[in-house]
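# Descriptive structure summary
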Amino acid sequence: MKKTFALTGDYAYITPITTTIKSVLYHNPSSTIYLVNSDIPQEWFKTVNQQLRNSGNHIIDIKIEPSYLNQEHVGLEHIQPIAYGKILLPELLKEDRVVYLDSDLIVTNTLDSLFNLNLQGHTIACSLDVDENNGNFNTGVIVYDLKKARSIPNLVQEELEIGQNRELRNADQDVMNKYFGTDFYKLPLDYNYQIGMDWIAFYNHHDYFYDLMNPIKDPKIIHYLTPDKPWKTVSTSRFRETWWQYFALTFNDVINHAPLPNLDLTYKGKFFTFITTQNMGNLPQLIQRMPNYQFNIGAWSLLGEPVMKLLAFENVRLYPMITGPQLEQLKLDCDAYLDINEDGKEQKVIDIFEKEDKPIFSFYNVAHNQNNYSQYHIFEDNDLDGMIKKLAEL
């Protein structure tokens, strides 16, 4: 089956765009991808298409004038006017059906079903937006019946006029909801798994988000919406490692469907520490002396420079503004909790590991009052050798 996809973006976003394309082609061979842009160099298209030669895949450059969308309003800093390019698709493409994808997502499965989908007379199919939670749809994934769209008089022009409204918050998404809000086919959320909402839902107690998302065990499209992107130095959402696995693929890997790379070393053990200040105690020394063990550090807040510098060590993972799902996963993955930060103990996090019957390690000068817990091991102050020996026995 020949499949047609469309993306929009500018050159500043070329790394996420390339990663999205790799994920699409990895699971959907023999595809044509149209890339609507105004500034991506011709050489980029040449380079990619040369690597895809004889594979049945092709990336097509669709240039629009840089000023064409300048009048369109964007209300959020991480959205650029080029996002309105998806509205232009009925005029730019000749195909009858196209699947539009944002460039802050990855495809994890075949999307044949979207090309065979009966839209039941609707022009578009989209998933509900779990952030808005008000019946609006999210425009990160759109199944377009372009033939029907072209039959609507002045569709593109009217949408662009709506987009000039300075009160819009979500740019093209608000526009398309104003136009198609009561006339769209509802896609299941596994075709637009909006993982970027993790931290917003957790810290604002939006339980409905987890009620909607938790039943989905095998999402076909993972969408990293909000500014919390996996390619940033740190991010809070799940599936960060999955994005980097697709990033690491070469186009030759994509064509040959090579196994997704494992970017982590095989560690002998994994530990977790929760901090509320930058006073990490002996943690940096342990990190350096135990390179074959992974150290996971979480916090409710963003992290300061002394903590961020620890990313220079491959065996460190940082979790700023950590969420409940991440804590649950770390509880299962980690072999022990290191209660060695000098102040700002977080009892409810310690309790999570205690209830899981995981060992907890500390020093006398920083130990929390956990002597009643049989798995709480306390070492003499600065007895790094003793703690390292005991940790290694795990």
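Summarised in this report is the structure supplied together with it.

Reading the values: rules and limits
- Residues numbered from 1 in each chain as written.
- Predicted model: local features only at pLDDT ≥ 70, side-chain atom pairs only at ≥ 80, totals over all residues.
- Heavy atoms only, no water.
- Helix = DSSP H or I, 4+ residues; strand = E, 2+ residues; numbered from the N terminus.
- Buried < 20%, exposed > 50% of the residue type's maximum accessible area, 1.4 Å probe, protein only.
- Contact = heavy atoms within 4.5 Å.
- Areas by Shrake-Rupley, 256 points an atom, 1.4 Å probe, with all protein chains shown as cover.
- Pairing = 2+ DSSP bridges.
- Axes fitted to C-alpha atoms, helices over the stretch in contact; angles between N-to-C directions.
- 1 Å grid on protein atoms, 1.4 Å probe; cavity = no way out; pocket = protein on both sides within 12 Å on 5 of 7 lines; lining within 4 Å.
- Points joined across faces, edges and corners; volume = space filled by probe spheres on them.
- Nonpolar A, V, L, I, M, F, W, Y, C, P; charged D, E, K, R; others polar.
- Salt bridge = Lys/Arg side-chain N within 4 Å of Asp/Glu carboxyl O.
- Core = buried A, V, L, I, M, F, W, Y, C linked by side-chain atoms within 4.5 Å.
- Parallel < 35°, antiparallel > 145°, perpendicular 65-115°, else oblique.
- Left-handed = near helix turned anticlockwise from the far one by under 90°.

## A few points about the overall build of the protein chain
Counting secondary structure elements, the protein chain contains 16 helices and 16 strands. For the protein chain, the spread of C-alpha atoms along the principal axes amounts to about 75 × 45 × 35 Å. With 394 residues in all, the protein chain has 53% of them scored as buried. Long-range contacts, defined as pairs at least 24 residues apart, comprise 70% of the intrachain contacts of the protein chain with a sequence gap of at least 6. Surface summary for the protein chain: the accessible area is close to 17,900 Å², and the carbon and sulfur share equals 47%.

## Notes on the side chain of Thr32
Counting through the fold element by element, Thr32 comes out in strand β2 (residues 31-37). Among residues more than four places away in sequence, those in contact with Thr32 are Lys2, Lys3, Thr4, Phe5, His58 and Ile60.

## Here's the deal with the sheet that holds strand β13 (residues 316-319)
Strands in a sheet are paired, the pairing made by backbone hydrogen bonds, and the direction either parallel or antiparallel. Spatially, β13-β12-β11-β14-β15-β16 is the arrangement adopted by the six strands of the open sheet, whose pairing is parallel. A strand with exactly one partner marks an edge of an open sheet, and here the two such strands are β13 and β16 (376-379). Averaged over all adjacent pairs, the angle separating strand axes in this sheet is 25°, with direction ignored. As paired elements, strand β12 (residues 293-298) and β13 share four bridges and run parallel to each other. The residue of β13 that forms the bridge with Gly298 is Tyr319.

## As for the layout of surface pockets
Estimated volume of the largest pocket: approximately 1,200 Å³. The wall of the largest pocket is formed by 40 residues, among which Arg240, Glu241, Asp264, Arg317 and Tyr319 lie closest to the centre. Of all the secondary structure elements, the ones that give two or more residues to the lining of the largest pocket are α10 (240-248), β12, β13 and α14 (324-333). Among the elements that line the lining of the largest pocket, the one with the most residues is α14, at seven residues. Considering only residue class, the lining of the largest pocket consists of 19 nonpolar, 11 polar and 10 charged.

## As for the pattern of salt bridges
Per the counting criterion, the structure on display carries 14 salt bridges. Taking the shortest distance from any N to any O, the salt bridge between Asp102 and Lys86 comes out at 3.1 Å. Separated by 16 residues along the polypeptide, Asp102 in the loop between β4 (97-101) and β5 (105-107) and Lys86 in the loop between β3 (58-63) and α3 (89-92) bring together distant segments of the chain. According to the relative accessible area criterion, Lys86 is buried, its value standing at 2%. Asp198 is the partner of Arg238 in a salt bridge, and the nearest nitrogen-oxygen pair spans 2.7 Å. One end of the pair, Arg238, is in the loop between β10 (221-223) and α10; the other, Asp198, is in helix α8 (residues 198-203), with 40 residues separating them in the sequence. Both residues of the pair, Arg238 and Asp198, belong to the buried class. Among the charged side chains, a salt-bridge network with shared partners connects Lys86, Asp102 and Asp172.

## So, the sheet that holds strand β9 (residues 193-194)
Taken together, three strands build an open sheet; the order of strands is β5-β10-β9 and the sheet is mixed. Looking at which strands have only one partner, the edges of the open sheet turn out to be β5 and β9. With three bridges connecting them, β5 and β10 associate as antiparallel partners. Paired with Leu105 across the strands is His223, a residue of β10.

## Points about the nonpolar core
Ranked by internal contacts, the top residues of the largest apolar core, which has 51 residues, are Ile21, Trp44, Ile59 and Leu101. The biggest single contributor to this core is helix α1 (residues 14-27), with six residues. Here Ile59 is in contact with Ile21, Leu25, Ile33, Trp44, Phe45, Val48, Asn49 and Leu52, once residues within four sequence places are set aside. Among the nonpolar cores identified, the runner-up in size contains 31 residues, and Tyr34, Ile62, Ala171 and Phe184 belong to it.

## As for the packing of α1 against α10
Close contact between α1 and α10 brings their axes to 8 Å; oriented N to C, the two are set at 85°. With respect to α10, the axis of α1 lies roughly perpendicular. In contact with Thr15, Pro16, Thr19, Lys22, Ser23, Tyr26 and His27 of α1, α10 contributes Trp243, Tyr246 and Phe247. The residue makeup of the contact of α1 with α10, split by class, is five nonpolar, four polar and one charged.

## A closer look at the pairing of β2
Successive residues of a regular strand alternate their side chains across the two faces of the sheet. For β2, the tally of buried residues reaches seven of seven residues, placing the bulk of the element in the interior. Going residue by residue along β2, you find Ser31, Ile33, Leu35 and Asn37 tucked away on one face and Thr32, Tyr34 and Val36 tucked away on the opposite face as well. Taken together, the six bridges between strand β1 (residues 3-8) and β2 define a ladder with parallel strand orientation. Residue Leu7 lies in a different strand from β2, and its bridge partner there is Leu35.

## Quick look at the packing of helix α6 (residues 155-162) against helix α7 (residues 172-180)
Interaxial distance between α6 and α7 falls to 9 Å at its minimum, and their mutual angle equals 125°. On the basis of their axis angle, the class for α6 and α7 is oblique. Where α6 crosses over α7, the two elements pack in a sense that is right-handed. Listed contacts from α7 to Leu155, Glu158, Glu159 and Ile162 of α6 are Val175, Met176, Lys178, Tyr179 and Phe180.

Honestly, that's just the spatial picture; any functional story needs more than this.
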